[in-house]
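# Remarks on the overall topology
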Amino acid sequence: MPSRRETTILLLGDVLLMLASLWLALLVRSFAIPSVHIFALLLQGFVFVYAVSLLVFYIAGLYERRTRLVKRILGIRILGAQIANTSVAAILFFILPLVVAPKTVLALYLLISVILISAWRFFVVPVLSVGEREKAILVGEGDAVHEVYSLVQGNSKYYLEFTEHLEPSKLADGELAEKLSACISRGARQVIIDTRDPRVRNELPSLYDAMLAGSYFTEFSVFYESLFDRVPSAHIDHAWILENLPHRNLPYALAKRTIDIIGALAGIVIAAPFVIAAVLLIYITEGGNPFIWHKRIGRGNKPFYIVKLRSMLINDHGEPELQKKNRVT
């Protein structure tokens, strides 16, 4: 469990950033520094929203150290919590007679608060080294495992430290469960374990008691991905591919496609002046077609083309002689 000091710092930071997000939302909405009167007026409605937000954060586990260990999980929970909070605020503002129209402010508040709170949790909190580092056990071997151990061990950026690194090939049958029980009895609460190791897989039935005793077990590949934003190549096998195959979900697919199209149209409108200027500059100074098309493979193994502005004089295809003639536009 996090210490009171740690929780207090996280709580104060969240509250201050929520206040800042509301002020910035008003600033962006009106393109002027918001008056104290308008800010105070809207803040009356947001006091309840903030209370609900902190409750949602607590329910989402954002004050638990084990949630903050995995960046991907932390980011998803922050976004989900803020969407829930904004939904509550939207319902609330239909009831309260506020002067400021809440729709635009709420949308801006959601965007700004997610960015600020995510930055606070991802970059500032680790530097502050809030709270005691949690004791953990690393079970596995290989280059990827040693990479994680070298990165985390002794690094105050992370909330855990490995008190033990157990390599299955060096343990006798049944010894893994004994070692884990001994480490847990000495205060280790996190177990990062490589279940794709066949020796570990054989020992898993003997680890059920430890799993049910309150210790947090995390699959090594998930933990690795949270640190490096990629999956270790040794863990990409048939089982991993089957686990990560996309599932057909018509409502999700329709919603995603709608958001893609709306976002693309908005992006075109915003980018059009810059693209047109770049096209004219490339055409005037270099001549020729200002665009290039790169072929890619998309969903369902169907090819599609990415359209790019030509940043080089020619497409040299990596050929040394052509590279000598090539240059940046």
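Numbers given to residues run from 1 along each chain, matching the order in which its sequence is written. In view of the model being predicted, local features appear only for residues whose pLDDT reaches at least 70, and side-chain atom pairs are presented and counted only at 80 or more, with totals across whole chains, interfaces and linings using the full set of residues. Side-chain descriptors were evaluated using all non-hydrogen atoms of the structure, hydrogens and water having been removed beforehand.

Counting residues in hydrophobic clusters, the biggest one holds 26 residues, and the most contacted among them are Leu22, Phe46, Phe57 and Tyr109. Broken down by element, this core gets its largest block of residues, eight residues, from helix α5 (residues 102-128). Residues within four places of Tyr109 in sequence aside, it is in contact with Met18, Ser21, Leu22, Ala25, Phe46, Tyr50, Gln82 and Thr86. Here, nonpolar core means buried Ala, Val, Leu, Ile, Met, Phe, Trp, Tyr and Cys residues that are tied together by side-chain atoms lying within 4.5 Å of each other. Using a 1.4 Å probe on the protein chains alone, a residue whose accessible area is under 20% of its type maximum counts as buried, one over 50% counts as exposed, and one in between counts as partly exposed. Among the nonpolar cores identified, the runner-up in size contains 16 residues, and Val139, Cys183, Ile184 and Val191 belong to it. Strands here mean DSSP runs of E at least two residues long; helices mean DSSP runs of H or I at least four residues long; both are numbered from the N terminus. Two residues form a contact once any of their heavy atoms are found within 4.5 Å.

This next bit is on the packing of helix α6 (residues 143-152) against helix α10 (residues 220-228). Relative placement of two packed helices is described by the angle separating their axes and the distance separating the axes. One way to put it is that α6 packs onto α10 with a least axis distance of 11 Å and a crossing angle of 50°. With respect to their mutual orientation, α6 and α10 come out oblique. Along this stretch, α6 crosses α10, giving a crossing that reads as left-handed. Contacts between α6 and α10 involve Ala144, Val145, Glu147, Val148, Leu151 and Val152 from the former and Phe220, Phe223, Tyr224, Leu227 and Phe228 from the latter. In terms of residue class, the contact of α6 with α10 is built from 10 nonpolar, no polar and one charged. Note on method: axes are straight lines fitted to C-alpha atoms, helices fitted across the in-contact stretch only, with angles between N-to-C directions ranging 0 to 180 degrees. Orientation is classified from the angle alone, with under 35 degrees giving roughly parallel, over 145 giving roughly antiparallel, 65 to 115 giving roughly perpendicular, and any other angle giving oblique. We call a crossing left-handed when the near helix sits turned anticlockwise from the far one by less than a right angle, and right-handed when that turn is clockwise. Residues are sorted three ways: Asp, Glu, Lys and Arg are charged, Ala, Val, Leu, Ile, Met, Phe, Trp, Tyr, Cys and Pro are nonpolar, and all the rest, Gly among them, are polar.

Salt bridge criterion: a side-chain nitrogen from Lys or Arg within 4 Å of a carboxyl oxygen from Asp or Glu. Inspection of the entire model under this criterion finds five salt bridges. Across the salt bridge formed by Arg186 and Glu164, the nearest N and O atoms sit 4.0 Å from each other. Placement of the pair is Arg186 in the loop between α7 (175-185) and β3 (190-193) and Glu164 in strand β2 (residues 160-166), with a sequence separation of 22 residues. On the basis of relative accessibility, which here comes to 53%, the residue Arg186 falls in the exposed class. Looking at Glu164, the relative accessible area reads 26%, which means it is partly exposed. Between Asp197 and Arg199 there is a salt bridge, with its nearest N and O atoms 3.3 Å apart.

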